[in-house]
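# Close look at the chain arrangement
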Amino acid sequence: MSGKTTRVVIIGAGFVGSSYAYALLNQGVVDEMVLLDLNQAKAKGDAMDLNHGMPYGSPMKIWAGTYEDCKQADLVVITAGANQAPGETRLDLIEKNTKIFQLIVNDVMSSGFDGIFVVATNPVDILSYVTWKFSGLPTERVIGSGTILDTVRFRFLLGDYFNVDPRNVHAYIMGEHGDTELPVWSHADIGGRPILSYLNSHSDMYTKESLDDIFINVRDAAYHIIERKGATYYGIALGLVRLTKAILRNENSVLTISALLRGEYGLEDIYIGVPAIVNGHGVREVMELQLDQDEMEQFHTSANVLKEAMLPIVTSYF
Ligand code: NAD
């Protein structure tokens, strides 16, 4: 995509969408950014506000647009829909957000859009599947943010615990972006050294119980943040920017996103969080890690929970 004008359309200028827009502007990732929301005044206000700051950031065209603007878009990022109220799980949002997505995806496709969809709205795995089905696009061009945020939370907390730069911690959260996600300890390392082996050789300083607590904090982070400030948005916004760069700059980066499984890990016809290679064509390849038996069982449990939760949607829409 290099050499051409890059355009991202953000559908849903709420907490997540506008934080993502702000991060895109700060990091100078695209040439054109279009904001679209049911609440047109909010999208317009955001476009004005961002434009006013733009001379201090990177040159970029920013406007509040319409679905027609999706035709020329490389990326349509959907952050529209209901978010979790305190105490609500992500799966509680399925019905409401599927209805919203049917309208949105149809409008995007009617514009002649021929790019890549990124979905962040929850429940993200199910809505990625729904977007793939409604759009009729090849599956590699419909990507959910999956566990991109959970993985970075995990790396941050592990880095903090071991007092190591989180960029030197390699560790994945896989599965549902939600309550049944799992930590992949068998493939977690610090600078190439497996974390569990590092732990054993520093058993006077670090414990497995603390690692288990770290995972619980990752899994429940959204609840803790929502209790305190009503929503989470900066972390996912930066995760979406990371994913945007991987796509627009054709990086072939390994990121934990929600992708369709077609036999990988013994699963079919489900979008779920997995490490995958992402480039300008979308998902190049789902990485099939050699999970240990316990991790594989947890991954299948997570997949089964998602499949069960989406059954009414699949029956009534597809
Ligand atoms: P929000 O309520 O602040 O924003 C949602 C926006 O969507 C609103 O501005 C609303 O007007 C707009 N909208 C609703 N229906 C629309 C439609 N048909 N067309 C266009 N716009 C429409 O919510 P938020 O906090 O920004 O969260 C958005 C979504 O992102 C939620 O589902 C939330 O759970 C999810 N989320 C995902 C992650 C992740 O890791 N994937 C992290 C945080 C939040």
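Residues numbered from 1 in each chain as written. Predicted model: local features only at pLDDT ≥ 70, side-chain atom pairs only at ≥ 80, totals over all residues. Heavy atoms only, no water.

## Quick notes on the overall build of the chain
Scanning the chain from N- to C-terminus turns up ten helices and 14 strands. Taking 20 Å as the expected radius of gyration for a compact globule of 318 residues, we find that the chain reaches 19 Å, a close match to that expectation. Its C-alpha atoms give the chain principal-axis dimensions of about 60 × 50 × 40 Å. Per-residue burial for the chain yields a buried fraction of 53% across its 318 residues. (Helix = DSSP H or I, 4+ residues; strand = E, 2+ residues; numbered from the N terminus. Rg over C-alpha atoms; globule rule 2.2 N^0.38 Å. Buried < 20%, exposed > 50% of the residue type's maximum accessible area, 1.4 Å probe, protein only.)

## Description of the site of the ligand
With respect to spatial proximity, 22 residues lie near the ligand, and among them Val16, Asp37, Ala82, Asn83 and Asn122 are the closest. Residue Phe15 places a main-chain N or O atom 2.9 Å away from an oxygen atom belonging to the ligand. Residue Leu38 places a main-chain N or O atom 3.2 Å away from a nitrogen atom belonging to the ligand. Taking 870 Å² as the accessible area of the ligand by itself, protein coverage stands at 86%. The cavity where the ligand resides is the largest pocket. Listed by contribution, the elements that provide at least two residues to the shell around the ligand are helix H1 (15-27) and helix H3 (94-110). Grouping the amino acids of the shell around the ligand by side-chain chemistry returns eleven nonpolar, ten polar and one charged. Counting contributing residues, the shell around the ligand receives three or more from each of domain 1 (7-144) and domain 2 (148-317). (Near = heavy atom within 4 Å. Polar contact = N/O pair within 3.5 Å; in protein donor to acceptor, adjacent residues only side chain to side chain. Areas by Shrake-Rupley, 256 points an atom, 1.4 Å probe, with all protein chains shown as cover. 1 Å grid on protein atoms, 1.4 Å probe; cavity = no way out; pocket = protein on both sides within 12 Å on 5 of 7 lines; lining within 4 Å. Sits in = over half its atoms within 2 Å of the grid points. Nonpolar A, V, L, I, M, F, W, Y, C, P; charged D, E, K, R; others polar. Domains from an automatic or database assignment.)

## Brief notes about the domain arrangement of the chain
For the chain, the domain assignment lists domain 1 (7-144) and domain 2 (148-317). Centre-to-centre separation of domain 1 and domain 2, based on C-alpha positions: 22 Å. Around 3,700 Å² of area is buried between domain 1 and domain 2 when both sides are counted, 69% of it from carbon and sulfur atoms. Looking only at domain 1, the three residues that lose the most surface to domain 2 are Arg90, Asp125 and Tyr129, adding up to 20% of its buried area. Inspection of the region where domain 1 meets domain 2 yields nine residue pairs in polar contact (both at pLDDT 80 or more). Elements represented by at least two residues in the side of domain 1 that touches domain 2 include exactly H1, strand S4 (75-78), H3, strand S5 (116-119), helix H4 (124-135) and strand S6 (142-144). For the side of domain 1 that touches domain 2, the element with the highest residue contribution is H4, accounting for eight residues. Partitioning the side of domain 1 that touches domain 2 into residue classes produces 24 nonpolar, 13 polar and eight charged. (Buried area = accessible area lost by both parts, 1.4 Å probe.)

## Looking at the pairing of strand S13 (residues 268-279)
Most of S13 is tucked away: ten of the twelve residues are buried. Count of turn residues in the strand S12 (residues 253-262)/S13 antiparallel hairpin: five residues, of which Gly263 carries a positive phi of about 105°. What sits between the antiparallel neighbours S13 and strand S14 (residues 282-286) is a turn of two residues. (Pairing = 2+ DSSP bridges.)

## Some words on the sheet that holds strand S10 (residues 189-190)
The strand order S7-S10-S11 describes an open sheet built from three strands, whose pairing is antiparallel. Only two strands of the sheet have a single neighbouring strand rather than two, namely strand S7 (169-170) and strand S11 (193-194). Here S10 pairs with S11 via two bridges, running antiparallel. Bridged to Asp189 within S11 is Pro194.

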